[in-house]
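Descriptive analysis of the structure
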Amino acid sequence: MVASRATLPDLDALDPHELKALIVAQHQQLTTQEERILTQSEQLASRDAEIEHLKLLIAKLRRMRFGRSSEKLDRQIEQLELRLVELEESRSKESLERETSAAESAVTRPARRPLPEHLPREVQTYLPKEEACPDCGGKLKRLGEDASEILEYVRERIKVIRQVRPKLACAGCDRIVQAAAPSRPIARSVAGPGLLAHVLISKYGDHLPLYRQTQIYAREGVDLDRSTLAEWVGGCSRLLQPLVETLRRHVMSCDKLHADDTPVPVLAPGLGKTKTGRLWTYVRDDRPAGDRTPPAVWFCYSPDRKGEHPKEHLSSFSGTLQADGYAGFEQIYETGRIQEAACWAHVRRKFYDLQAAHKSPVAVEAIERIAGLYAIESEIRGRSPEERREIRHLRSRPLLDSLKQWLEETLGKLSRKSDTALAVRYALGRWEALLRYCDNGRLEIDNNAAERALRVVALGRKNFLFAGSDGGGESAAAMYSLIGTAKLNGLDPESYLRNVLSRIADHPINRIEELLPWNVAAES
């Protein structure tokens, strides 16, 4: 609340000495206020500068999240975002406590975006307490209205559905008829499809471990043991397995595939320690080449990283595999049934690390040359394979020939054991596979499609710390497959799983493909 101003004494009644003392006191008070305002302004300017610096730093770190140290960067980003939130909360609080002019608000605060039109609206009308004119007592009539909107959150509600099946008896022969009991996603379970879908999305989509979910339900007055939730997750995994297998066949039926893998700590039974399992991802997505075939991703779990696992996964696939330089793929390429297409993002990343660490001029030039290749890809994304191949031969191939010549010349000037030489040899050693995208318009310049699919695993790994068992890894692979494919096809994963779980128990197995995400989307 603004304090009332002090009343000035009668200046005419003051003698010169008293008047001089009053002026000196007022001047000192004004000087103190100016210094305080200046200090506050400097603090506000410093805070605003820190906010902008943090936003820039977070943006830079987000661009660096593709390397081996992505989990470490995630933790750094989290800490910076916490600091950014604190500063912005402080700025917001102070702006509410002090009065600011409309002009200052227009300069310092961004324009507020309108609230989404698709959200449901609830109208609350506030009538004045006066029933008649407070001045003359006359009748009031409607003149207009002022309306504003606020965004509110309504907590998710858990409800009980009581399924009643009346028994009817024939008056003539005493025959009793009754509707059959509706099937449930998991036999003898009290969980409905909506609750099961929410538990699955909370665990695998929002990365909430089951023990945290039990705490959330407890706040709603619902006692659900973690073991009960675990049984539901396992039951859904078994129920959805035929659908995941159909999804796998769709992914493997293409002739161009993205592949990658990531480690997953798994609890070793009886040892109290963790071992390192792997989650493999295989992505089919030809939309950048103008293909309308539904995109899909299939995950598979293995207890280790032996080359026999991808060999088994790809036993029915033939075509081009876009992947990193994992040695386990080499035995697959040797048969000739599968060709390698190397990833330019991996090449660029090695030079980027050098540039960030040492400001290497070689790394800077390599990054700039590779950026020219990506600029062309950005222009031709979504065009037909024939057009992409023609443009790559016309514009990308000369850049690639020049880049190779420059790399070979540069390598001769470097120490063989230097990090820069290792990065150059990595590119030259895979040159034929790196060029393959130029000759096939359906291929991509990098393997980012697979890396994007694995991001959800990295987030979940940070929250879960480890999977409970190999079976838990297999359940995770099944759920990641369905959730990832739903997202690729523009579906809300929770709504999709609710739809599938409400139907799959009674759905004919020979028509299971009707429950794939793109077919469910076509029904709506």
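Per-chain numbering applies: the sequence of each chain, read as written, is numbered from 1 onward. Totals for whole chains, interfaces and linings use all residues, but because this is a predicted model, local features are given only for residues with pLDDT of at least 70 and pairs of side-chain atoms are given and counted only at 80 or more. With hydrogens and water set aside, each side-chain value is computed from the structure's full complement of heavy atoms.

1. A closer look at the overall build of the chain
Rules: Numbered from the N terminus, helices here are DSSP runs of H or I no shorter than four residues, and strands are runs of E no shorter than two. Only protein chains enter the accessibility calculation, which uses a 1.4 Å probe; a residue is then buried when its area is under 20% of its type maximum, exposed when over 50%, and partly exposed in between. Residue contacts follow a heavy-atom distance rule, with two residues in contact if any of their heavy atoms lie within 4.5 Å. Values of accessible area rely on a 1.4 Å probe in the Shrake-Rupley scheme; residue burial ignores everything except the protein chains shown.
Assigned secondary structure in the chain consists of 17 helices and seven strands. Out of the 524 residues belonging to the chain, those deemed buried represent 36%. Within the chain, counting contacts between residues at least 6 apart in sequence, those at least 24 apart form 63% of the total. Within the structure as shown, the chain displays about 33500 Å² of accessible surface, and the carbon and sulfur contribution to it stands at 52%.

2. Section: unusual backbone geometry
In this model, Arg188 sits at a positive phi of 60°, which is unusual for a non-glycine residue. With respect to the helices and strands, the residue Arg188 is situated in the loop between β2 (176-178) and α4 (193-205). With phi around 65°, His207 is a residue other than glycine that occupies positive phi space. Looking at the secondary structure, you find His207 in the loop between α4 and α5 (210-219). Taking relative accessible area as the criterion, His207 reaches 10% and is therefore assigned buried.

3. Considerations on helix α15 (residues 470-488)
Operational definition: The span you would expect from a helix comes to 1.5 Å times its residue count less one.
The end-to-end C-alpha distance of α15 is 27 Å, a good match for the 27 Å that 19 residues give at a rise of 1.5 Å each. Looking at the residues trailing α15, positive phi occurs at Gly490, about 75°.

4. Here's the deal with the pattern of salt bridges
Heads up, the rule is: Salt bridges, as used here, are contacts in which a Lys or Arg side-chain nitrogen is within 4 Å of a carboxyl oxygen on Asp or Glu.
In total, this model carries 23 salt bridges according to the counting rule given. Ionic pairing is found between Arg498 and Glu494, a salt bridge with its closest N-O pair at 3.7 Å. Placement of the pair is Arg498 and Glu494 together in helix α16 (residues 493-503), with a separation of four residues, close to one helical turn. Using a relative accessible area of 35% as the deciding quantity, one classes Arg498 as partly exposed.

5. What to know about the packing of aromatic side chains
Our working rule: Between rings of Phe, Tyr and Trp, where Trp is taken as its six-membered ring, a pair exists when centres lie within 6.5 Å; planes separated by under 30 degrees are stacked, by over 60 edge-to-face, and by other angles tilted. We call a charge positioned above a ring when the Lys NZ or Arg CZ atom is no farther than 6 Å from the ring centre and deviates by at most 35 degrees from the ring normal.
The final tally for this structure, using the stated rule, is seven aromatic pairs. On the numbers, 5.7 Å between centres and 80° between planes, the contact of Tyr204 with Tyr480 is edge-to-face. A residue pair is termed long-range when its members are at least 10 positions apart, and Tyr204 in helix α4 and Tyr480 in helix α15 qualify at 276 residues. A centroid spacing of 5.6 Å and a plane angle of 50° characterise the contact between Phe299 and Tyr480, whose relative ring orientation is tilted. Of this pair, Phe299 sits in strand β5 (residues 296-302) while Tyr480 sits in helix α15, and the two are 181 residues apart along the sequence. Residue Phe299 is classed as buried on the basis of its relative accessible area of 3%. Take Tyr480: its relative accessible area is 6%, and that puts it in the buried class. Connected via pairs of aromatic rings, a cluster forms that spans Trp280, Tyr326, Phe329 and Tyr333. One cation-aromatic arrangement involves Lys350 over Tyr426; the distance from NZ or CZ to the ring centre is 4.6 Å.

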